[in-house]
Amino acid sequence: MDHLPHGPFLVALDGSLSAIKDHALRFAWRGRGCEASLVDGQINLAAQAGWVPYTAERPEARSGAFAALEEMPGELPQGWRLRLMPDHKVRLEAAVDLHGAITATTLVSAMVGFALALDPYLDRLESAGMASGAEGTGSVKT
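Residues numbered from 1 in each chain as written. Predicted model: local features only at pLDDT ≥ 70, side-chain atom pairs only at ≥ 80, totals over all residues. Heavy atoms only, no water.

J.: For this particular structure, what's the right way to read the sheet that holds strand β3 (residues 17–19)?
T.: Each strand in a sheet pairs with another by means of backbone hydrogen bonds, the pair being arranged parallel or else antiparallel. Pairing in this open sheet of three strands is antiparallel, and the strands run β1-β2-β3 from one edge to the other. Each edge of the open sheet is held by one strand with a lone partner, namely β1 (3–6) and β3. On average, each strand axis in the sheet is inclined to that of its neighbour by 30°, with strand direction left out of account. Pairing of β1 with strand β2 (residues 9–12), which is carried by four bridges, proceeds in the antiparallel orientation. (Pairing = 2+ DSSP bridges. Helix = DSSP H or I, 4+ residues; strand = E, 2+ residues; numbered from the N terminus. Axes fitted to C-alpha atoms, helices over the stretch in contact; angles between N-to-C directions.)

Structural data, given as structure tokens:
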């Protein structure tokens, strides 16, 4: 047997991982949902960075939030992307190209590196008036 199935992965004798099916490893950082997935030799990482407040919740915070969203793409590390989703969620994404085998160690290392690199951007979004995952859902309560 040259591969051992383990969850959504096949693990080779050398410890390298390959995806059996579409999947994502989910984790949380500072109260925000994050995920990592393996696609075509790269690790795709994403974080639910916050929510632009709705007008009914905090109208005074919206202009600062949108101003921060305009400025941030130029401040992000190379290969990172900021997306404003239709439901006003803000998502930060990064892809890590790997040369060679992807092992559990490289996957966890990429996840930890991404989480630590998120901190200044999460702080910036919070200071601009965006709600974090720890503060609420970003939806109007009726």
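Still more to cover.
J.: Help me understand the sheet that holds strand β6 (residues 42–51), please; the structure alone is not making it clear to me.
T.: Strand order across the open sheet formed by five strands is β4-β5-β6-β8-β7, with antiparallel pairing between neighbours. Only two strands of the sheet have a single neighbouring strand rather than two, namely β4 (25–29) and β7 (80–84). The sheet shows a mean angle of 25° between the axes of neighbouring strands, taken without regard to direction. Sheet topology note: the β4/strand β5 (residues 32–39) ladder contains five bridges and is antiparallel. Each residue of the ladder has a partner; that of arginine 26, found in β5, is glutamate 35. Across the sheet, helix α2 (residues 104–127) touches β4, β5, β6, β7 and β8 (89–97), and the angle it forms with β6 is around 25°. (Contact = heavy atoms within 4.5 Å.)

J.: I tried to follow the packing of aromatic side chains on my own but got confused; where do I start?
T.: In this description, a pair of aromatic rings is defined by centroid distance and the angle of the planes. Scanning all chains against the criterion turns up two aromatic pairs. For the ring pair tryptophan 80 and tyrosine 121, a centre distance of 5.7 Å and an interplane angle of 50° mean the geometry is tilted. In this pair, tryptophan 80 is assigned in strand β7 and tyrosine 121 in helix α2, connecting sequence segments 41 residues apart. Classification of tryptophan 80 by relative accessible area gives buried; the value is 17%. (Phe/Tyr/Trp six-rings, centres within 6.5 Å; stacked < 30°, edge-to-face > 60°. Buried < 20%, exposed > 50% of the residue type's maximum accessible area, 1.4 Å probe, protein only.)

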